[in-house]
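Inside the fold
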Amino acid sequence: MSGILLTGVNGQLGWELQRTLAPLGQVVALTRAQLDLSQPDAIRRIVRAQRPGIIVNPAAYTAVDKAETEPELAHAINAVAPGVLAEEAQKIGALLVHYSTDYVFDGSQNAPYTEEDAPNPQSIYGKTKLAGEDAVRASGCAHVVLRTSWVYGVHGGNFVKTVLRLARERDALRIVADQFGAPTWARRLALCSAEILRQYRENPGDASRHGLFHLTAAGRTNWHGYAEEIVRLARQYDAALQDKELTIRAIATHEYPVAAKRPANSVLATDKVRKAFGLELPPWRDDLAACIEELYATEHQAL
Ligand SMILES: NC(=O)c1ccc[n+]([C@@H]2O[C@H](COP(=O)([O-])OP(=O)(O)OC[C@H]3O[C@@H](n4cnc5c(N)ncnc54)[C@H](OP(=O)(O)O)[C@@H]3O)[C@@H](O)[C@H]2O)c1
């Protein structure tokens, strides 16, 4: 296997992938400045020059609300670019690992969504990410598309850091309690991605290990329950929160208007990835605890 081409290395997941993929071979890790995915010619040029054995694409237009007013740019990055990466991967026989989102679903289903359930995205972000999945599949390249949800990590901006900041600044928080999902640690996604690549390398022709997979932490919560757990865990390490009286009020989606519509339920079933790769992710609370401990150990001042 020749090298690994990694996009979006300054994102939450890209940053973790740069470290977890390193033992698998030479990683050419690119920032947005080095490879702007809104420029198809630049994508083609870089893939043709590098000729990687594997392309890993965690880069995306992830500003869910802003996408409602920038649909062309979101489409270029989330839909066109994965298609171009896939076409180029197909030409050189490379594997493409791409990431997608729980927001491809409309959220009306009461049970966790499987890979067989029909997507019906309600936002520009969800629509462009679904178009990206479709483009990868249509290219005919060897691919693994990993749909995940509610990603957080030590590197980059996310809900965990926002809640910790607001918990210090305010006496009361209002958090939506009627949208359910599974918070998933970027580190865990990166470790699982590395394991998937290890298994691919052992047996590249195994068709059961190609295609679309759901990959999220186990269990489910809503944003309010998630926020309560973040604060509960942080109180162990954060002097500013330890004895602070903080009200975390549960509110309904309509009480917090935002531009993009979110699914009420976007819990994903992960049986397929467990059967194909033996990957079983821990309960969301366990990884959240590990991430918050690390945040305070390494980045306390930056929170
Ligand atoms: N975050 C979530 O809650 C969530 C949930 C479900 C699925 N996902 C999916 O999981 C994957 C990883 O998400 P993440 O949370 O790691 O995202 P993230 O932290 O927002 O990182 C996205 C990365 O993409 C890069 N990027 C944006 N526009 C680009 C462009 N035109 N050219 C090249 N790079 C560009 C960004 O570059 P800069 O650093 O320069 O901005 C950033 O490094 C994505 O596919 C996302 O759709 C995320």
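The paragraphs below set out a description of the structure included in this document.

Surrounding the ligand, one finds 25 residues, the nearest of these being Arg32, Leu37, Thr62, Tyr125 and Lys129. Between an oxygen atom of the ligand and a main-chain N or O atom of Gln12, the distance comes to 2.9 Å. At a separation of 2.7 Å, an oxygen atom of the ligand approaches a polar side-chain atom of Tyr125. Alone, the ligand offers 900 Å² of accessible surface; in the complex the protein occludes 83% of this. Where the shell around the ligand is concerned, the elements lending two or more residues are α1 (12-20), β4 (95-101) and α4 (124-139). With 3 residues, β4 is the single largest residue contributor to the shell around the ligand. Looking at side-chain class alone, the shell around the ligand contains 11 nonpolar, 10 polar and 4 charged residues.

Across the sheet, which stays open at both edges, the 6 strands sit in the order β2-β1-β3-β4-β5-β10 with parallel pairing between neighbours. Strand pairing shows two members of the sheet lacking a second neighbour, β2 (27-29) and β10 (211-214), which therefore form its edges. In this sheet, neighbouring strand axes are inclined to one another by 20° on average, regardless of whether the strands run parallel or antiparallel. Across 4 bridges, strand β5 (residues 142-148) lies against β10 in parallel orientation. Across the sheet, the residue bridging to Leu146 is Phe213, located in β10. Against the sheet, helix α3 (residues 71-92) engages β3 (54-57) and β4, with an angle of about 160° to β4. Helix-sheet contacts for α4 involve β4, β5 and β10, and the interaxial angle to β4 is about 155°.

This part takes up α1. If you check which residues of α1 are buried, you get Gln12, Leu13, Gly14, Glu16, Leu17 and Thr20. Taken together, the buried residues of α1 touch β1 (4-6), β3, β4, β6 (151-152) and α6 (186-202).

As a further point, take the side chain of Gln179. On the secondary structure map, Gln179 appears in the loop between β7 (172-176) and β8 (180-181). Classification of Gln179 as buried rests on a relative accessible area of 8%. At 3.0 Å, the side chain of Gln179 and the side chain of Trp223 are in polar contact. A distance of 3.1 Å separates polar atoms of two side chains, one belonging to Gln179 and the other to Thr253. In this structure, Gln179 is in contact with Trp150, Thr221, Asn222, Trp223, Thr253, Arg262, Pro263 and Ala264, ignoring residues within four places of it in sequence.

Attention now moves to helix α7 (residues 223-234). The end-to-end C-alpha distance of α7 is 16 Å, a good match for the 16 Å that 12 residues give at a rise of 1.5 Å each. Burial within α7 is extensive, with 10 of its 12 residues counted as buried. Inspection of α7 places Trp223, His224, Gly225, Tyr226, Ala227, Glu229, Ile230, Val231, Leu233 and Ala234 among the buried residues, and these make up the whole buried set.

Rules of the game
Residues numbered from 1 in each chain as written. Predicted model: local features only at pLDDT ≥ 70, side-chain atom pairs only at ≥ 80, totals over all residues. Heavy atoms only, no water. Near = heavy atom within 4 Å. Polar contact = N/O pair within 3.5 Å; in protein donor to acceptor, adjacent residues only side chain to side chain. Areas by Shrake-Rupley, 256 points an atom, 1.4 Å probe, with all protein chains shown as cover. Helix = DSSP H or I, 4+ residues; strand = E, 2+ residues; numbered from the N terminus. Nonpolar A, V, L, I, M, F, W, Y, C, P; charged D, E, K, R; others polar. Pairing = 2+ DSSP bridges. Axes fitted to C-alpha atoms, helices over the stretch in contact; angles between N-to-C directions. Contact = heavy atoms within 4.5 Å. Buried < 20%, exposed > 50% of the residue type's maximum accessible area, 1.4 Å probe, protein only. Expected span 1.5 Å × (residues − 1).

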